[in-house]
Amino acid sequence: MHILVSMPSHQGDKARDWAQALQHRLPTAQIAIDTGAPVDQTVDYLVTWQPRAGLLAQVPNARAIFTASAGVDALMNDPTLPHCPVVRLCDAGMGDQMASFALYAAFHYWRGFDRMRVAQNRASWSPDTGAVAPRPSVGVLGLGALGQVTARALREAGFPVSGWSRRKRDIDGVSTYAGSAEFEEFLAQTNLLICLLPLTPDTHHLLDHARFAAMPREAVVVNLARGDILVEGDLLAALDNGHLRGAMLDVFATEPLAEDHPFWAHEKVVVTPHIAAETLVEPGADQISDNINRIERGDKPLGAVDRDAGY
Ligand code: NDP
Ligand code: OXD
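Just so it is clear, the model here is predicted, and its values are computed rather than measured.

If you had to explain the overall build of the protein to someone new, which residues and values would you point to?
Counting secondary structure elements, the protein contains 10 helices and 12 strands. At 21 Å, the protein has a C-alpha radius of gyration in line with the 19 Å of a compact globule built from 311 residues. Reported as C-alpha extents along the three principal axes, the dimensions of the protein are approximately 65 × 40 × 30 Å. A total of 311 residues make up the protein; the buried ones form 50% of that total. In the protein, 61% of the contacts between residues at least 6 apart in sequence involve partners at least 24 apart. Counting every atom, the protein has about 14,900 Å² of accessible surface; 52% of that belongs to carbon and sulfur.

Hey, could you go over helix H1 (residues 14-25) for me, with residue numbers and the actual values?
End to end, H1 covers 17 Å across 12 residues, agreeing with the expected 16 Å (1.5 Å per residue, within 8%). Those residues of H1 not exposed but buried are Ala15, Trp18, Ala19, Ala21 and Leu22. End-on view of H1: buried residues confined to an arc of 165°, all on one side of the axis. Facing away from the buried surface of H1 by more than 90 degrees, the exposed residues are Gln20 and His24. Looking at the packing, one finds that the buried side of H1 touches strand S1 (2-6), strand S2 (30-33), strand S3 (45-48) and helix H10 (281-296).

Before we move on, could you go through the site of ligand 2 and cite the residues and values that matter?
As a structural note, the neighbourhood of ligand 2 is formed by Trp49, Ser69, Ala70, Gly71, Met94, Arg226, His274 and Ala277. One of the backbone N or O atoms of glycine 71 is found 2.8 Å from an oxygen atom in ligand 2. Between ligand 2 and arginine 226, the relevant distance is 2.7 Å, taken from an oxygen atom to a side-chain nitrogen or oxygen of the residue. About the coverage of ligand 2: the protein hides 87% of its 210 Å² of free accessible area.

Provide a residue-level description of the site of ligand 1, including the pertinent values.
Taken together, 30 residues form the shell around ligand 1, and within it Arg88, Leu143, Arg167, Arg169 and Tyr311 come nearest. Separating an oxygen atom of ligand 1 from a backbone N or O atom of leucine 146 is a distance of 2.8 Å. A distance of 3.2 Å is found between an oxygen atom of ligand 1 and a side-chain nitrogen or oxygen belonging to arginine 226. Against a free-state accessible area of 940 Å², the protein chains account for coverage of 94% of ligand 1. If you list the elements that add at least two residues to the shell around ligand 1, you get helix H3 (94-110), helix H5 (145-156) and strand S7 (161-165). Ranked by residues supplied to the shell around ligand 1, first place goes to H5 with 3 residues. Residues that form the shell around ligand 1 fall into these classes: 16 nonpolar, 7 polar and 7 charged. There are two domains that each give the shell around ligand 1 at least three residues, and those are domain 1 (2-92 + 279-296) and domain 2 (94-271).

Any details on the packing of H1 against H10? Residues and values, ideally.
Contact geometry of H1 with H10 gives a least axis separation of 9 Å together with a crossing angle of 50°. Considered as vectors, H1 and H10 are oriented oblique to each other. You can see that H1 and H10 cross each other, and the crossing is right-handed. Only Val281, Glu282, Gly284, Ala285, Asp286, Ile288 and Ser289 of H10 make contact with H1, whose side of the interface consists of Lys14, Asp17, Trp18, Ala21, Leu22 and Arg25. Classifying every residue of the contact of H1 with H10 by side-chain character gives 6 nonpolar, 2 polar and 5 charged.

Please set out the environment of phenylalanine 212 residue by residue, giving values where relevant.
Inspection of the secondary structure assignment puts phenylalanine 212 in helix H7 (residues 209-214). For the pair phenylalanine 212 and alanine 151, spaced 61 residues apart in sequence, the C-alpha separation works out to 21 Å. The residues contacting phenylalanine 212, other than those within four sequence positions of it, are Leu207, Val221, Leu230, Val231, Asp234, Leu235, Ala238, His243 and Leu244.

Residues and numbers for the pattern of salt bridges, please.
What the rule picks out here adds up to 15 salt bridges. Residue aspartate 13 is joined to arginine 16 by a salt bridge in which the shortest nitrogen-to-oxygen separation is 3.7 Å. We classify aspartate 13 as partly exposed; its relative accessible area is 47%. The exposure class of arginine 16 is partly exposed, given its relative accessible area of 39%. Put simply, glutamate 182 and lysine 168 hold a salt bridge, and the shortest N to O gap is 4.0 Å. Of the two residues, glutamate 182 sits in the loop between strand S8 (175-178) and helix H6 (183-188) while lysine 168 sits in the loop between S7 and S8, which places them 14 residues apart along the sequence.

The rules behind these values
Residues numbered from 1 in each chain as written. Chains lettered and ligands numbered in written order. Predicted model: local features only at pLDDT ≥ 70, side-chain atom pairs only at ≥ 80, totals over all residues. Heavy atoms only, no water. Helix = DSSP H or I, 4+ residues; strand = E, 2+ residues; numbered from the N terminus. Rg over C-alpha atoms; globule rule 2.2 N^0.38 Å. Buried < 20%, exposed > 50% of the residue type's maximum accessible area, 1.4 Å probe, protein only. Contact = heavy atoms within 4.5 Å. Areas by Shrake-Rupley, 256 points an atom, 1.4 Å probe, with all protein chains shown as cover. Expected span 1.5 Å × (residues − 1). Arc of directions from axis to C-beta. Near = heavy atom within 4 Å. Polar contact = N/O pair within 3.5 Å; in protein donor to acceptor, adjacent residues only side chain to side chain. Nonpolar A, V, L, I, M, F, W, Y, C, P; charged D, E, K, R; others polar. Domains from an automatic or database assignment. Axes fitted to C-alpha atoms, helices over the stretch in contact; angles between N-to-C directions. Parallel < 35°, antiparallel > 145°, perpendicular 65-115°, else oblique. Left-handed = near helix turned anticlockwise from the far one by under 90°. Salt bridge = Lys/Arg side-chain N within 4 Å of Asp/Glu carboxyl O.

Shown next, in the form of structure tokens:
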């Protein structure tokens, strides 16, 4: 069995780490690291994150393609993607990281740290702690592997939580909404929006000026999923016209974020560099090797992407 591991060069030794972790779990597999040279042997399984241009066309006989990520948007638009299962990571240690980021955001705005930061920048003693304000109502967009863990963590921290997904989900203590018919109602009661949707043709630019306007005045947008789910210019306009109170953004239409992008210096925006949930090699390699063993014995892999839905 031949496995090819291909990671972007900016990830340093990540390809080697994945190859070692997989070799440990699949001792008889022949595992190669992509060097960028033409692939000259049959690849049974490709393990990748943001594959380099042209790579997918070189693995036409792959029995499965594994992404070292939860999101698969970097692969889905490639017309040379082989017709085999595309399998993503399900949580694999990312849920806890995502939930902690969302909790930080919820406490940040509930306790008014955004306003205190602005006051500090002006050397202004402004003891408006927000301590007596009720916790904001948090709406989680996307109730999948990461959205569900995040919604539960927020609920356990005492925040009123709702969630929106394509199909109706049932989560204890969380008000759930589904589909486009219930989207406006979901937005109208959300003070703090946490986006954990996949980027698909249906979610591309989903959050635009009309959706921001549908949220209550002084609402906050936290995007932890993919930059292109929102329209950056519309978000800036909604922040500047005072409708939105703030935004915490971990992902952007173009990454790395350009040095002159207005988000960097915007008083109402917190920027983090796509670190909300890092892919962890050990639990990731557990999932991928388990799935390879499943395929080898004729079972379906767990976490395969629905190609029609795009996630
Ligand atoms: P899942 O596939 O497990 O869950 C996706 C959720 O989104 C599901 O609840 C799904 O609905 C819902 N959804 C998808 N399309 C629509 C739609 N058109 N309308 C309404 N709901 C929709 O994904 P994960 O939870 O594993 O990951 C979510 C995303 O987080 C990833 O795709 C990735 O982009 C991002 N991510 C970002 C990271 C970071 O560091 N910033 C790290 C890891 C992931 P249903 O339940 O009905 O299927
Ligand atoms: C992912 C990511 O999708 O890291 O896993 O963004």
